[in-house]
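Chain by chain, the residues:
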Amino acid sequence: MSTLLNPEQTEAVLHGDGPLLVLAGAGSGKTRVITYRIAHLIETGIDPEQILAVTFTNKAAEEMRTRIHALKNARVLATTFHSLGARILRGSIHQLGFQNIFAIYDEDDSEKLLKNCLDQLGFGSGDKGFVKETRRAISEAKNNLTAINDNVLSQVYHIYNQKLKECNALDFDDLLFLTVQLLQNFPETRTFYQNRWRYILIDEYQDTNIAQYTIAKILSEKYQNIFVVGDPDQSIYSLRGARYQNILNFERDFPGARVITLDQNYRSTNTILEAANALIAKNTNRFEKALWSELGEGSKIGLYIAYSERQEADFVAQRINQHHHYDTSLDSIAVFYRTNAQSRPFEDALLSRRIPYIIIGGVSFYERREVKDILAYLRILISNTDLISFLRTINAPKRGIGLASLDKIIHSATTHQIPIITFCEEHLDKIKLGGKQIEGMRNYLQTLHRLRTTTPRLKIAEVIQEILNLTGYLAFLEQDPETAQERKENIDELMGKAAEWEEAQENPSIQLFLEELTLRPTASVENPDAPCIKMMTLHNSKGLEFPIVFLTGLEEDILPHINSKLDPAAIEEERRLCYVGITRAKKTLYLTASTYRYTWGTERLMAPSRFLREIPEELLLRL
DNA sequence: TTTTGATAACTTTTT
DNA sequence: GTTATCAAAA
């Protein structure tokens, strides 16, 4: 085994008990170190059940599970912090006053609930910016485990959490926040999980936030076997409260910790690494570290300044064609950009040349209205309390119950402290409704009742079919003939995914299916049959590598993004983002920018990114 | 009271 | 180019 590893990697893999930090530069084989470390633990007789591996994305977790399985034919738990939280809470959340079957609200759902709270507190239908700002503050409080000082905001925070509890729902941040609460306040539960996972390994440690750090700290408190891998230069998630300081403070937080640095890169040519090193050296707050490799100098970095974003995309597509003719698989080419909105011109350019591509991340399949509607039906099937799903389903299809009536219903249900569906079933006489509304409500409840009695015996795909049958949802879609066909196809696809998922599960349930979809929405979409170009945001590129990389939109106000301009720390994060993009490339790297760019319908003159100037001229070849 | 159509205000990155 | 929001119509 150790012949495949260099001395530093070997040292990390064979490390005994106690805390260890691996400072692993880009492409230094950190995934390999973690998997071999786990394999080594299993070899020394440790029960795989006692090993917990935490990764940053579900995709990475899946990859790790597969690799361990291939190496040792063993199953270890490899998940993200959020999934881990969901798993722990599923078993123990009743201690915090929730029911064990809870819904997980995505950003969209929680924003709706928050808006509901703001309405209730008399902030009127206030502007959207305020809702977003408030949600941001709440999210920050949960991720940082801090209180909200502002009087008004803390009142909103309180009501919002209360409403979540009434709905028996959690938002994303609760998966971490409530896990911390549970572990901190219930010693028996804490001890149970400490004993359960005696060896904890964490990847991308530089992107953990305070809540995640606290979970790791508590879980490893008893046995102190915490093994973390990370690179402060690749910390790009401060938007989620990530603190690269966690990695700098590791030795302080875990006394007696050992630190191993990996700086040999096994991925990229020296030209690419020199560019990356020169760029990241401009950041002030960091551990000095320079990557090197034995992969030779390689070719220069192509720099192309286009006139328009259209021309930029054409250039990329044209180059892709050239590489393709040179026998390069389309799978080995990736296009990166800063914001999702930038993908459009590239899609057009590739489409017109019939080059197949796939967008990784981006607007998710599960954010489509029709898909969300069906999922809301699934949620309301297993919950009497889920207000947001009630609101989604009540008028899909239209049942003639408008805003005014809903206001009355919700208000009365809230003041009487009765779950929304129970209220509709048993207490509707408490309020006054028109005949049409009562009829619509009766129709809704009857449908729900019939679904609930017939579905427990059915497979999930069949449940969805039954929802379509009983609600007339497809006819509802027909009202907009333009989009009906596509929407129907999406529902078909959802049913296909449900069937596929259920097939692979030991104990499938609607709740688990829903949890899976909210926590790992992209997983199943990414299985293209034929080779194709991968397009994604720089954030999504983390952890991946490609022989040929196009890093696009290298302009001021895009990369670095305009919102980071005023904050030096934010600019440094943008620089790290650029660094991450560059270090994904193995052999060939292109940097592109455009002189003019259409934003909000008008043409704007763009300045080249400052990051371009920070890369030594002699590494670049202007095209 | 609900539905519809027209007008505005937007877009950073994600579990 | 797009999705919420607000006004008038049914």
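Everything numeric here is computed off the predicted structure, so don't read it as measured data. (Residues numbered from 1 in each chain as written. Chains lettered and ligands numbered in written order. Predicted model: local features only at pLDDT ≥ 70, side-chain atom pairs only at ≥ 80, totals over all residues. Heavy atoms only, no water.)

(A) Helix 5 (residues 107-120), seen in detail. Taking 1.5 Å as the rise per residue, helix 5 with 14 residues should run 20 Å; its terminal C-alpha atoms sit 20 Å apart, in good agreement. Within helix 5, the full set of buried residues consists of Asp109, Ser110, Glu111, Leu113, Leu114, Asn116, Cys117 and Leu118. Two to three positions downstream of the cap, the backbone nitrogen of Asp108 sits 3.1 Å from a side-chain oxygen, assigning the N-cap of helix 5 to Asp106. Residue Gly122 follows helix 5 closely and has a positive phi angle near 80°. (Helix = DSSP H or I, 4+ residues; strand = E, 2+ residues; numbered from the N terminus. Expected span 1.5 Å × (residues − 1). Buried < 20%, exposed > 50% of the residue type's maximum accessible area, 1.4 Å probe, protein only. Polar contact = N/O pair within 3.5 Å; in protein donor to acceptor, adjacent residues only side chain to side chain.)

(B) Summary view of the sheet that holds strand 15 (residues 546-551). Taken in spatial order, the 7 strands line up as 13-14-12-15-16-11-19 in an open sheet, and their pairing is parallel. Bordering the open sheet on either side are strand 13 (357-359) and strand 19 (620-622), each of which pairs with just one other strand. Geometrically, the sheet is characterised by an average inter-axis angle of 25° between neighbouring strands, direction not taken into account. Running over the sheet, helix 14 (residues 309-325) touches strand 11 (301-306), strand 12 (333-337), strand 14 (533-537), strand 15 and strand 16 (585-594) and is turned about 155° from strand 16. (Pairing = 2+ DSSP bridges. Axes fitted to C-alpha atoms, helices over the stretch in contact; angles between N-to-C directions. Contact = heavy atoms within 4.5 Å.)

(C) Inspection of the protein's contact with DNA strand B at higher detail. Among the 26 residues in the neighbourhood of DNA strand B, the closest are listed as His82, Arg338, Gly402, Ser405 and Trp600. For DNA strand B, the backbone makes up 56% of the atoms found within 4 Å of the protein, where backbone means sugar plus phosphate. Backbone polar atom of Ala404 to a phosphate oxygen of DNA strand B: 3.0 Å apart, as the coordinates give it. One of the side-chain N or O atoms of His539 is found 3.3 Å from a base oxygen in DNA strand B. Looking at the surface near DNA strand B, the elements with two or more residues in it are helix 18 (403-415) and helix 25 (538-541). The greatest single-element share of the surface near DNA strand B, amounting to 3 residues, is contributed by helix 18. Taken together, the residues of the surface near DNA strand B sort by class into 8 nonpolar, 13 polar and 5 charged. (Near = heavy atom within 4 Å. Nonpolar A, V, L, I, M, F, W, Y, C, P; charged D, E, K, R; others polar.)

(D) Structural view of the environment of Thr134. By secondary structure assignment, the location of Thr134 is in helix 6 (residues 128-144). When residues no more than four places from it in sequence are discounted, the contact partners of Thr134 are Leu114, Leu153 and Val156.

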